[in-house]
Amino acid sequence: SKCEIPPIDLSKLDGPEHDEVANQIVRAAETLGFFQVVNHGVPIQLLDSLKQTAHNFFGLPAERKAVYRKEVSPSPLVKYGTSFVPEKEKALEWKDYISMGYTNENEALQQWPMECRDVALQYLKTSHEMVKKLLDVLMANLGVELDDSNIDAFIGKKMVNMNFYPTCPNPELTVGVGRHSDMGILTILLQDGIGGLHVKVPEIIDMEKKEEWVEIPPIPGALVINIRDMLQIWSNGRYKSAEHRVRTTSTKSRVSIPIFTSPQATQKVAPLPQVIEKDGISSL
Ligand code: OGA
Ligand code: NI
C-alpha cells in the first residue's frame, strides 16, 4: 500500500497557518517518522539537475569513478563504492553510491568529485534554511530552543550521498537497500519517479500488530524527510526513527540523493534533560 499522508506545505510555516503546519510536522514525526514536504525553498530546477548529475556520475567509465574508492580516495570524506559485496554480505544490495561528507564546507569540497561538486554544494546550501525550520519545529515541541549557538552541535555533521540503483534482471531475488533505520538527526531525501522506498508502519498505528510496510510514493518536486535514531533517543522515543528499505526494479535505474544530518560527536546519546523533565522518566 502507499502512504496517504499529503505532503506538508513548508511555505505556510511563515504565515498565519504556522501552528497548524507545525502540528502536521510533529504528528508525522510521532507516528510514521517519515513525511514529504513541498514549497521547501529548494529550487525544483536544482533538484532536477541533481538527479541528472547522479546519472551522469554513475554513467562515467569505471576507472574515473574508481579514484574515489575508499581505499584510494583523496579524502576520508569522499567514498565511492557498491553495496554489492558477495564476500561479506548475505543479502546483496543492488546499489552503488558516492558519499560526500563535510565538516568545513570549503576544505572538504576540494576533494569532492568535480562532476558533482557544484550541484551538491548548492543543494546543501539551499536546503539549509528548510532543515533549520524543520528542526526548529521539532525541537520547540520538545522544549528546546534552536538558535545559532546550538544548531551546529545538533546537525553540524553533514553528508550528501548519491545512490544509484541499476536495473535488476531478477528484482525479486534481492533488495536495493535492506531494512534499516538511519543514525543521526534528520534525513532529507530526493528520490526520482521510479519508486520503491518502503517504510515499516510502527505498531502504535498498525492496529492489527502484524508487520506492515507502506510505500513513500514519488511526488514531483517534493522532498522526503525522516527522523533518525539520535533524534528518537533525544526525544525519549516520542519521534520515530522508522525502519525502511528500497525495492529493486527491472525496468529502469533509480537514483536518490539523501542529505544526512548528524550531531557533533561531543553530543550525549540520551534523552534531552528538557524532555525528561516533562516526561518524568526516561522510556529508553
Ligand atoms: C539510505 C536510504 C533510501 C533511498 O540511504 O539510508 O534509506 O530511497 N535510502 O535511496
Ligand atoms: Ni536510510
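Here is a short report on the structure shown in this document. (Residues numbered from 1 in each chain as written. Chains lettered and ligands numbered in written order. Predicted model: local features only at pLDDT ≥ 70, side-chain atom pairs only at ≥ 80, totals over all residues. Heavy atoms only, no water.)

A word on the overall build of the protein
Filter applied, for reference: Working definition: helices are DSSP H or I runs of at least four residues, strands are E runs of at least two. Numbering for both runs from the N terminus. For this measure, only C-alpha atoms enter the radius of gyration; the expected value for a globule follows 2.2 Å times N^0.38, where N is the number of residues. In this scheme, a residue with accessible area under 20% of its type's maximum is buried, one over 50% is exposed, and one in between is partly exposed, where area comes from a 1.4 Å probe on protein chains only. Contacts are assigned to residue pairs with any non-hydrogen atoms lying within 4.5 Å of each other. For accessible areas, the Shrake-Rupley method is used with a probe of radius 1.4 Å. Any residue's cover is judged against the shown protein chains and nothing else. In this tally Asp and Glu are treated as negative and Lys and Arg as positive; neither His nor the chain ends contributes. Each charge is placed at NZ for Lys, CZ for Arg, CG for Asp and CD for Glu.
Summing up its helical and strand segments, the protein has eight helices and 12 strands in all. Whereas a compact globule of 284 residues would reach a radius of gyration of roughly 19 Å, the protein reaches 19 Å, a difference of no more than 12%. With respect to the principal axes defined by its C-alpha atoms, the protein has extents near 55 × 45 × 35 Å. Buried residues in the protein amount to 49% of all 284 residues. Considering only residue pairs separated by 6 or more positions, the protein has 78% of its internal contacts joining residues 24 or more positions apart. Working note: accessible area of the protein is about 14100 Å², and carbon and sulfur atoms make up 52% of it. Charged side chains in the protein number 31 positive and 37 negative. The centres of these two groups are separated by 5 Å.

Here we look at the coordination of the nickel ion (ligand 2)
In a perfect tetrahedron of four donors around a metal, the angles come out at 109.5 degrees. In a perfect octahedron of six, they are 90 or 180 degrees. The cut-off we apply is this: Distances define the donors: N, O and S atoms within 2.8 Å of the metal qualify, as do those within 3.2 Å of Na, K or Ca. Water is excluded, so some sites may look unfinished.
Distances from the nickel ion (ligand 2) to its protein donors, namely His180 (NE2), Asp182 (OD) and His244 (NE2), fall within the range 2.1 to 2.2 Å. Positions of the donor residues of the nickel ion (ligand 2), expressed as sequence spacing, correspond to H-x1-D-x61-H. Remark: histidine 244 occurs in strand β11 (residues 244-246) and aspartate 182 occurs in the loop between β6 (177-180) and β7 (186-191); sequence separation between them is 62 residues. Histidine 244 gets classed as buried once you look at its relative accessible area, which sits at 6%.

Some details on the sheet that holds strand β2 (residues 34-38)
What counts is decided by this rule: Only when DSSP finds a minimum of two bridges between them are two strands counted as paired.
With mixed pairing, eight strands are arranged side by side in an open sheet as β1-β2-β10-β7-β12-β5-β4-β3. Where the open sheet ends on each side, the last strands, each with one partner, are β1 (8-9) and β3 (78-82). Summarising the sheet, strand β4 (residues 96-102) and strand β5 (residues 157-165) pair through seven bridges and their orientation is antiparallel. Counterpart to serine 99 in the pairing with β5 is asparagine 161.

Things to note about the site of ligand 1
The criterion, for reference: We call a residue near a molecule or strand when any one of its heavy atoms sits within 4 Å of it. What qualifies as a polar contact is a pair of N or O atoms within 3.5 Å, subject to a donor-acceptor requirement within protein and to the restriction that residues adjacent in sequence count only when both atoms come from side chains. Space inside and on the surface of the protein is sampled on a 1 Å grid over the protein atoms alone, with a cavity defined as a set of points where a 1.4 Å probe fits but cannot get out and a pocket as an open set with protein on both sides within 12 Å along at least 5 of 7 lines; lining residues have an atom within 4 Å of a point. To qualify as sitting in a cavity or pocket, a molecule needs more than half of its atoms within 2 Å of the grid points.
Inspection of the region around ligand 1 gives Asn163, Tyr165, His180, Asp182, Leu189, His244, Val246, Arg254, Ser256 and Phe260 as its neighbouring residues. Between ligand 1 and the protein, one listed contact pairs an oxygen atom with a side-chain N or O atom of aspartate 182 at 3.3 Å. One of the side-chain nitrogen or oxygen atoms of serine 256 is found 2.6 Å away from an oxygen atom of ligand 1. Contact with the protein chains hides 92% of the accessible area of ligand 1, taken as 290 Å² for the molecule alone. In a pocket analysis with a 2 Å cut-off to the grid points, ligand 1 is assigned to the largest pocket. At the level of elements, β5, β11 and β12 (254-262) are the ones that each hand at least two residues to the shell around ligand 1.

A word on helix α1 (residues 18-30)
Each full turn of the α-helix corresponds to 3.6 residues, which orients residues three or four apart in the same direction. For clarity, the threshold we go by: Take the residue count of a helix, subtract one, and multiply by 1.5 Å to get its expected span. An arc is given here, and it is the one of the directions from the helix axis to the C-beta atoms.
With 13 residues, α1 extends 18 Å between its outermost C-alpha atoms, agreeing within 8% with the 18 Å of an ideal straight helix rising 1.5 Å per residue. All of the buried residues along α1 are Val21, Ala22, Ile25, Val26, Ala28 and Ala29. Projection of α1 onto a plane perpendicular to its axis shows the buried side chains occupying an angular sector of 160°, all on one side. Looking at α1, the residues exposed on the side facing more than 90 degrees away from the buried face are Asp19 and Arg27. Buried residues in α1 make contact with β1, β2, α5 (114-140) and β10 (223-227).

Overview of the layout of surface pockets
So the rule is basically this: Grid points are joined across faces, edges and corners, and a volume is the space filled by probe spheres set on the points. Here the term charged refers only to Asp, Glu, Lys and Arg, the term nonpolar to Ala, Val, Leu, Ile, Met, Phe, Trp, Tyr, Cys and Pro, and the term polar to all other amino acids, Gly among them.
For the largest pocket, the calculated volume is near 1000 Å³. Around the largest pocket, the lining comprises 42 residues; the ones closest to its centre are Met159, Asn161, Met183, Arg228 and Phe260. Elements represented by at least two residues in the lining of the largest pocket include exactly β4, β5, β6, β7, β10, β11 and β12. In terms of residue count, β5 provides more of the lining of the largest pocket than any other element does, six residues in total. Residue classes in the lining of the largest pocket are distributed as 17 nonpolar, 16 polar and nine charged. The calculated volume of the second largest pocket comes to roughly 320 Å³. If you trace the second largest pocket, you find 13 residues lining it, with Lys70, Gly81, Thr82, Val85 and Tyr97 closest to the centre. Tallied by class, residues from the lining of the second largest pocket come to four nonpolar, three polar and six charged.

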